[in-house]
2 protein chains.
Amino acid sequence: MRNIKLTIEYDGRRYLGWQRLGDSDKTIQGKIEGVLKQITEEDIEIIGSGRTDSGAHARGQVANFKTASTMPLDEMQLLLNRYLPRDIIIKELEEVHERFHARYNAEGKKYSYYVWNAVIPSAFEGYHTYYYPQELDMDKLQAACERLVGTHDYIGFSSLKKSKKSTVRTVSEIVVERKGSILHFAFVGEGFLYNMVRIMMGTILDVAAGKIPLETIDEVFANKVRANAGATAPALGLFLDEVYYPAEQK
Amino acid sequence: MRNIKLTIEYDGRRYLGWQRLGDSDKTIQGKIEGVLKQITEEDIEIIGSGRTDSGAHARGQVANFKTASTMPLDEMQLLLNRYLPRDIIIKELEEVHERFHARYNAEGKKYSYYVWNAVIPSAFEGYHTYYYPQELDMDKLQAACERLVGTHDYIGFSSLKKSKKSTVRTVSEIVVERKGSILHFAFVGEGFLYNMVRIMMGTILDVAAGKIPLETIDEVFANKVRANAGATAPALGLFLDEVYYPAEQK
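What counts, and at which threshold
Residues numbered from 1 in each chain as written. Chains lettered and ligands numbered in written order. Predicted model: local features only at pLDDT ≥ 70, side-chain atom pairs only at ≥ 80, totals over all residues. Heavy atoms only, no water. Salt bridge = Lys/Arg side-chain N within 4 Å of Asp/Glu carboxyl O. Helix = DSSP H or I, 4+ residues; strand = E, 2+ residues; numbered from the N terminus. Buried < 20%, exposed > 50% of the residue type's maximum accessible area, 1.4 Å probe, protein only. Least-squares fit on C-alpha atoms with pLDDT ≥ 70 in both. Contact = heavy atoms within 4.5 Å. UniProt positions renumbered as here; feature names shortened; annotations may be inferred. Domains from an automatic or database assignment. Buried area = accessible area lost by both parts, 1.4 Å probe. Polar contact = N/O pair within 3.5 Å; in protein donor to acceptor, adjacent residues only side chain to side chain. Nonpolar A, V, L, I, M, F, W, Y, C, P; charged D, E, K, R; others polar. Arc of directions from axis to C-beta. Axes fitted to C-alpha atoms, helices over the stretch in contact; angles between N-to-C directions. Left-handed = near helix turned anticlockwise from the far one by under 90°. Parallel < 35°, antiparallel > 145°, perpendicular 65-115°, else oblique. Pairing = 2+ DSSP bridges. Core = buried A, V, L, I, M, F, W, Y, C linked by side-chain atoms within 4.5 Å.

**Student:** Just give me the short version of the pattern of salt bridges, but keep the residues and values in it.
**Tutor:** Residue and element names in this part refer to chain B. Inspection of every chain in the model, using the stated rule, returns 22 salt bridges over all chains. One salt bridge in this structure joins E9 and K91, with 3.8 Å as the shortest N-O distance. Placement of the pair is E9 in strand β1 (residues 2-10) and K91 in strand β4 (residues 88-96), with a sequence separation of 82 residues. Residue class for E9 comes out buried when judged on its relative accessible area of 10%. K224 is paired through a salt bridge with D153; the nearest N and O atoms lie 3.5 Å apart. In this pair, K224 sits in the loop between α5 (216-223) and β10 (238-244) while D153 sits in strand β7 (residues 150-153), placing the two residues 71 residues apart along the sequence. We classify K224 as partly exposed; its relative accessible area is 41%.

See the structure below:
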């Protein structure tokens, strides 16, 4: 069996997220599996690096699948992109080691989050940025980003009620850049808990808008109470940009 | 009666174009008139600078309407943007001279057209760029742009069968710029015939891809035969950027 790695770009606005729900065709995984079945005549299950939420996007989601098909990769990519809807694109297809596993081997991820920070919203960016017109204190915003970086128990910044596994994670970088009305945040870390990027994002904005004090961040790390953190920023501003793997597994 | 000028941005992918069709709610004009009725309790007809096609977009469509309402413009803009769908935005609202007419007074327009020129399409730009993966000869492309500029009878570059009015127009500028996979074309002229930007665009691409010779452009000007020009590029790449008015009418 060949093991094939996919790098996938998708606009999530029309979908219920990455993970297949029963036979639903409204998920990214479901759509890709459907086309793979058409092409290979096999029942293929693809393994994603992780889920993405309903309405969230990806520029570099990674997945893998096993197949007996001997079809050249070029041809397979062409057929996938021909039969997939135009908002799901296979950017790369490569044959990898049989032990490569898109979820288990992932050792880090990069997410982007976009905020439309202006009074007048945009007709074009409405599904790809979070419209947040309040004035933001850029010093506080910067400080909130810095305080969220590090190795902490992030359970208070997640939607997990409790967890048997460790909820300690390392966030290595939160970088913000403004271009006109758009604020672009880049989050890099070894792994993120359920809704963690969106809750960190909502907290950063609430701090910068003066809705909650900067110190809240330390309190949430200490007391692990989700309710004290900021709002969950909506999925539509979130992009999974890249999944990192150890060099020998690429 | 006050005469109010609107500057409108819209993402046309979900709409049947600018112009209201009966009672249809699937047009930009219909949507805006619907909300104006809600706000003012008057039956308001808005006058656009011109139609835009089904699926085409605008960053600066202009329209005007008369109203007896005394509502402050700030408040009216806020309410419009609150009740309009998020892909239609009122960017500006101003009170203008009672004789201002968005169509009759328009003395020029600027359009943009975006082409996605790469083998792998984009999941995000599929409704805002025309996917044209063929290799393009940039010298031929430049030459085609230059040859389409000037004062000519453009009927062969339009979808008009015939016309009682003059079909001579002046196109003052066609500028092209590449940013990564995206080619951006800017068209400036005093007025454009039905489908004229899209047929010029299709012709430019067909010349640059080597499908038709550069000389075709002169032949179409001379013989006025639409069938000899290039394909009509799809509406989804087209943006109405700006409508020009004489200074005293602003």
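**Student:** Go over the relation of the copies chain B and chain A, please, and point to the residues and values.
**Tutor:** Mapping chain B onto chain A leaves a residual RMSD of 0.0 Å; the transformation is a rotation of 180 degrees accompanied by 0.0 Å of translation along its axis. This pairing of chains is accounted for by a two-fold axis. A symmetric contact is evident, with 100% of the interface residues of chain B recurring at the interface of chain A.

**Student:** Describe the UniProt feature "active site" (unreviewed entry) in chain A, naming the residues involved and giving the relevant values.
**Tutor:** Residues and elements named next belong to chain A. Here, UniProt's "active site" (unreviewed entry) annotation points to D53. Relative to the elements of secondary structure, D53 occurs in the loop between β2 (47-48) and β3 (57-67). Since its relative accessible area comes to 18%, D53 is described here as buried. Not counting residues within four places of it along the chain, the set of residues in contact with D53 comprises G17, Y194, N195, R198 and A235.

**Student:** Go over the domain arrangement of chain A, please, and point to the residues and values.
**Tutor:** Residue and element names in this part refer to chain A. Assigned domains of chain A: these are domain 1 (2-105) and domain 2 (108-244). Placing a centre on the C-alpha atoms of domain 1 and another on those of domain 2 gives a separation of 27 Å. Summing both sides of the interface, domain 1 and domain 2 together bury roughly 1300 Å²; the carbon and sulfur share of this comes to 48%. Looking only at domain 1, the three residues that lose the most surface to domain 2 are D53, H57 and R59, adding up to 46% of its buried area. Across the contact surface, domain 1 and domain 2 share two salt bridges. D53 is paired through a salt bridge with R198; the nearest N and O atoms lie 2.7 Å apart. Scanning the region where domain 1 abuts domain 2 turns up twelve residue pairs in polar contact (both at pLDDT 80 or more). A per-class count over the side of domain 1 that touches domain 2 returns three nonpolar, nine polar and four charged.

**Student:** Any details on helix α5 (residues 216-223) of chain A? Residues and values, ideally.
**Tutor:** All names here are of chain A. Of all the positions in α5, only T216, I217, V220 and F221 are classed as buried. One side of α5 carries all its buried residues, which in axial view fall inside an arc of 140 degrees. Looking at the packing, one finds that the buried side of α5 touches α3 (138-148), β7 (150-153) and α4 (196-208). Downstream of α5 by one or two residues, K224 has phi in the positive range, about 60 degrees.

**Student:** Please provide a residue-by-residue account of the environment of Y194 of chain B, values included.
**Tutor:** All names here are of chain B. Position of Y194 among the secondary structure elements: in the loop between β9 (182-189) and α4 (196-208). Judged by relative accessible area, which is 48%, Y194 ranks as partly exposed. Residue contacts for Y194: discarding those within four places in its chain leaves D53, S158, S159 and L160.

**Student:** Which residues make up the packing of helix α3 (residues 138-148) of chain B against α4 of chain B, and what values go with them?
**Tutor:** Residues and elements named next belong to chain B. α4 packs onto α3 with a crossing angle of 145 degrees between their chain directions and a minimal axis gap of 8 Å. Read as a crossing pair, α3 and α4 show a hand that is right-handed. Each of K140, L141, A144, C145 and L148 in α3 lies in contact with α4, whose residues at this interface are M200, I204, V207 and A208. Residue composition of the contact of α3 with α4, grouped by class: eight nonpolar, no polar and one charged.

**Student:** Just give me the short version of the packing of helix α1 (residues 28-40) of chain A against helix α2 (residues 73-83) of chain A, but keep the residues and values in it.
**Tutor:** Residues and elements named next belong to chain A. Relative to each other, α1 and α2 sit at 125 degrees, their axes nearing to 10 Å. Viewed along their axes, α1 and α2 adopt a mutual orientation that is oblique. Like other packed secondary-structure pairs, α1 and α2 cross with a definite hand, here right-handed. Across the interface between the two elements, V35, L36, Q38 and I39 from α1 touch M76, L79, L80 and Y83 from α2. By residue class, the composition of the contact of α1 with α2 is seven nonpolar, one polar and no charged.

**Student:** For the interface of chain B and chain A, give the residues involved together with the corresponding values.
**Tutor:** If you look at the interface, chain B gives 26 residues, while chain A gives 26 residues. Buried surface at the junction of chain B and chain A, both sides included, amounts to about 1900 Å², of which 63% is carbon and sulfur. Looking only at chain B, the three residues that lose the most surface to chain A are R86, A123 and F124 of chain B, adding up to 37% of its buried area. Run the count over chain B and chain A and you get zero salt bridges. The interface formed by chain B and chain A holds four residue pairs in polar contact (both at pLDDT 80 or more) in total. Secondary structure elements with two or more residues in the side of chain B that touches chain A: β1, β3 (57-67), α2 (73-83) and β4 of chain B.

**Student:** Which residues make up the pairing of β9 of chain B, and what values go with them?
**Tutor:** Each regular strand shows side chains that alternate between the opposite faces of the sheet. Residue and element names in this part refer to chain B. Summarising burial for β9: seven of the eight residues are buried, a large majority. As paired strands, strand β5 (residues 108-116) and β9 are joined by eight bridges and run antiparallel to one another. If you follow W116 over to β9, its bridge partner there is I182. Of the pairings in the sheet, the one linking strand β8 (residues 168-179) to β9 comprises eight bridges and is antiparallel in character. For V176, the partnering residue across the bridge sits in β9 and is F185. Linking β8 to β9, which pair antiparallel, is a turn of two residues; within it G180 sits at a positive phi near 60 degrees.

**Student:** Which residues make up the nonpolar core, and what values go with them?
**Tutor:** In summary, soluble globular proteins display a tendency toward joint burial of nonpolar side chains. Counting residues in each nonpolar core, the largest one holds 70 residues, and the members touching the most others are L6, I32, L80, F157, F185, F187 and I204 of chain B. Not counting the four nearest positions on each side in its chain, L6 of chain B is found in contact with I32, I46, Q61, V62, A63, F65, L80, I90, E92 and L93 of chain B. Counting residues in hydrophobic clusters, the runner-up holds 69 residues, among them Y10, W18, V62 and I212 of chain A.

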